[in-house]
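# Fold and contact review
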Amino acid sequence: MKTATPQRNVTIAICGRSADDAQVRYSYWSPVDGVTRTATSRCHLDQTRATNTLFLLDYQSSLNGWTITGVEPNPAGAPALETIPGPAGQSVMTLFPSLPVAETFKFFIVYTNTLTGAVVRFDPQEDNTPVPP
């Protein structure tokens, strides 16, 4: 039976406006256990099938000047997911491929604040630890 590639959505809330005080919270529903998580410090992005994940900034984060300016493998040189940037830096989609075995892709989402010039990188699968650009 043929199936379509599903999409999951992760809403991103960034508290703070500088590189020193920025913290990220994620809200999402997990297809693995069926549980909705709200304002958590990290995402469980385990996939059991090809899945697209749309990361999008919430209203307050975009109002405070935050944009998504890139995705980088963690660590540099590690296998990377294909990504599609969204309009106006408000979102990015990762494309998790169909693999014969489970694999974890670790990556940073890079955020830039258009009001303050701050740049921060967070790995959504690790607890709120910003990494300098």
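Higher on the page you've got the structure.
Residues numbered from 1 in each chain as written. Predicted model: local features only at pLDDT ≥ 70, side-chain atom pairs only at ≥ 80, totals over all residues. Heavy atoms only, no water.

Within this structure, the stated rule accounts for zero disulfides. With no disulfide of its own, Cys 43 lies closest to Cys 15 among cysteine sulfurs, the gap being 14 Å. In this structure Cys 43 comes out as buried when scored by relative accessible area, which is 2%. (Disulfide = S-S within 2.5 Å. Buried < 20%, exposed > 50% of the residue type's maximum accessible area, 1.4 Å probe, protein only.)

Quick look at the pattern of salt bridges now. Applying the stated rule across the entire model yields four salt bridges. Taking the shortest distance from any N to any O, the salt bridge between Glu 72 and Arg 121 comes out at 2.4 Å. Residue Glu 72 is found in strand E5 (residues 66–73), and its partner Arg 121 is found in strand E9 (residues 119–122); the two are separated by 49 residues along the sequence. Taking relative accessible area as the criterion, Glu 72 reaches 30% and is therefore assigned partly exposed. The partner of Lys 106 in a salt bridge is Asp 123, with the nearest N and O atoms 3.7 Å apart. Taken together, the residues span a long stretch of sequence, with Lys 106 in the loop between strand E7 (91–96) and strand E8 (107–113) and Asp 123 in the segment after E9 at a distance of 17 residues. (Salt bridge = Lys/Arg side-chain N within 4 Å of Asp/Glu carboxyl O. Helix = DSSP H or I, 4+ residues; strand = E, 2+ residues; numbered from the N terminus.)

With respect to the secondary-structure elements, Ala 39 resides in strand E3 (residues 36–40). On the basis of relative accessibility, which here comes to 45%, the residue Ala 39 falls in the partly exposed class. Once residues lying within four places of it in the same chain are set aside, the contact partners of Ala 39 are Arg 25, Tyr 26 and Ser 27. (Contact = heavy atoms within 4.5 Å.)

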